[in-house]
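An overview of the molecular structure
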Amino acid sequence: MKDLKYLPAYLIPVFCVLGIFLKGYWLFITPIVVFGIVPLLELWMPSLKKNLSDSEKESKTANKFFDLLLWLNVPIVFGTLVYAFYTFNNSFLTAYEVVGLILSCGIVAGSNGINVAHELGHRQESWERFLGKILLLPSLYMHFYIEHNHHHHLQAATPEDPATARYNENLYKFWLRSVTQQYISAWRIQHKLRKVNNYSIFSVKNDMLWYTLIQISYLVTVGIVFSWSTTLLAIAIAIVGFSLLEIINYLEHYGLRRARKKSGRYEVVREIHSWNSNHALGRILLYELTRHSDHHYRASKKYQVLDYHDKSPQLPYGYPTMMVIATIPPLWFSIVNKHVPHEMVKLATH
């Protein structure tokens, strides 16, 4: 029964589909649940610090059920979006209903899309990484695969990483910097790969070129099959989707810094360089993304066996709650700054 605990992650698209079916104010049920009810429940639910035994980890790593839970998000995400596009194109929705539709689908694209894509993007099997890239498509963020795997995991918790929030940097300034610089970084990485492997910018090996063409084709297909106004809806959903990713990026390394050695290189990434959260509901809904410290410490580990580390800086609340708090910078600074390790504050401010 414990293996079934991740099934509630599917409630997000379920609520989204329910809202689309019922329309009206029901279209806001997904954001209300995710950013209203879940944070309230997290205040009441326990923080679970227990780790699995070695034998349990071995068993759960080999259990394909946990992989299947991820794979199923591909038809779920795209099925939800097709239903949303069809409803938008064949119903008269008021302005507030369209806003609700965008927010709800954007949350699905972020939680069941990008979040799952992140996990699959670290897998050894190429077809699983392919599924991860497909799940980045609805948020028009396929470049995340290159930037995250080739740069972020190397430069996390350093000034060179666009996805690491600086100490006292507010969410909105971070969002603009991270969105633009990660995209530029992805092209730079592709350019370096192209030079090393000696292929043309128009080569089939140029992933960034493929990602661009695939994302344009996706938007054009939506326009042809449904309508061009539906294409605008798809773009709006994508913005919400990747914005949720950037809010999570903001949480994950805010104010944390790796020390620079005398050689000029940074110390290796350790458990202390990512924020951790053990709040049960956030862990379930985000497939253990909240145990981010262990993910960076051992990126190859599957989500179901990630560990809690006492050394890791702990967020005072779960990820969904902290995402809401992050949108109010003075509140965020007043709550989180006192939890940033003193030695890292010194590194960040000098």
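Each chain carries its own residue numbering, running from 1 in the direction its sequence is written. Where local features are concerned, this predicted model is filtered to residues with pLDDT of at least 70; where side-chain atom pairs are given and counted, the filter is 80 or more; whole-chain, interface and lining totals use all residues. Values reported for side chains reflect all heavy atoms of the structure, with hydrogen atoms and water molecules removed beforehand.

Looking at an unreviewed UniProt entry, one finds the protein chain named Alkane-1 monooxygenase and attributed to Nonlabens tegetincola. UniProt positions are given in the numbering used here, feature names are shortened, and annotations may be inferred rather than shown by experiment. The annotation that UniProt attaches to the protein chain under Sequence similarities (unreviewed entry) is "Belongs to the fatty acid desaturase type 1 family. AlkB subfamily." In its Subcellular location (unreviewed entry) section, the UniProt entry covering the protein chain states "Cell inner membrane".

Comments concerning the pattern of salt bridges
For this document, the term salt bridge refers to a Lys or Arg side-chain nitrogen within 4 Å of an Asp or Glu carboxyl oxygen. The final tally for this structure, using the stated rule, is 13 salt bridges. Across the pair Asp-294 and Lys-301 runs a salt bridge whose closest N-O atoms are separated by 2.7 Å. Taken individually, Asp-294 and Lys-301 each receive the classification buried, so the pair is uniform in this respect. The structure contains a network of salt bridges with shared partners spanning Lys-64, Asp-67, Glu-119, Arg-123, Glu-128 and Lys-302. Working definition: with a 1.4 Å probe on protein chains only, accessible area under 20% of the residue-type maximum means buried, over 50% means exposed, and in between means partly exposed.

Details of helix H5 (residues 73-90)
For H5, built from 18 residues, the straight-helix expectation of 26 Å at 1.5 Å per residue is met to within 8% by its first-to-last C-alpha distance of 25 Å. For H5, the full list of buried residues reads Asn-73, Val-74, Val-77, Thr-80, Leu-81, Ala-84, Phe-85, Thr-87 and Phe-88. Between two residues, a contact is recorded if the distance between any of their heavy atoms is within 4.5 Å. We count a stretch as a helix when DSSP gives it H or I for four or more residues in a row; a strand needs E for two or more, and each element gets its number in order from the N terminus. On its buried side, H5 packs onto helix H1 (11-22), helix H4 (64-71), helix H6 (95-120), helix H7 (126-136), helix H10 (207-225) and helix H11 (228-253). In this scheme, a helix's expected span is set at 1.5 Å multiplied by one less than its residue total.

Examining the packing of aromatic side chains
Note on aromatic contacts: the rings of Phe and Tyr and the six-membered ring of Trp form a pair at centre separations within 6.5 Å, being stacked when their planes are under 30 degrees apart, edge-to-face when over 60 apart, and tilted otherwise. This structure, assessed with the given rule, holds 18 aromatic pairs. Taken together, a centroid distance of 6.1 Å and an interplanar angle of 20° make the contact between Trp-175 and Phe-242 stacked. Of the two residues, Trp-175 sits in helix H9 (residues 171-197) while Phe-242 sits in helix H11, which places them 67 residues apart along the sequence. With relative accessibility at 28%, the residue Trp-175 sits in the partly exposed group. Cluster of aromatic residues (ring-pair linked, three or more members): Tyr-167, Phe-174, Tyr-250, Tyr-254, Trp-332 and Phe-333. Charge over a ring is defined by NZ of Lys or CZ of Arg lying within 6 Å of the ring centre and within 35 degrees of the ring normal. The ring of Tyr-145 has Lys-133 sitting right over it, with the charged end atom 4.5 Å from the ring centre. Its end group placed over the ring of Tyr-297, Arg-298 keeps NZ or CZ at 4.1 Å from the ring centre.

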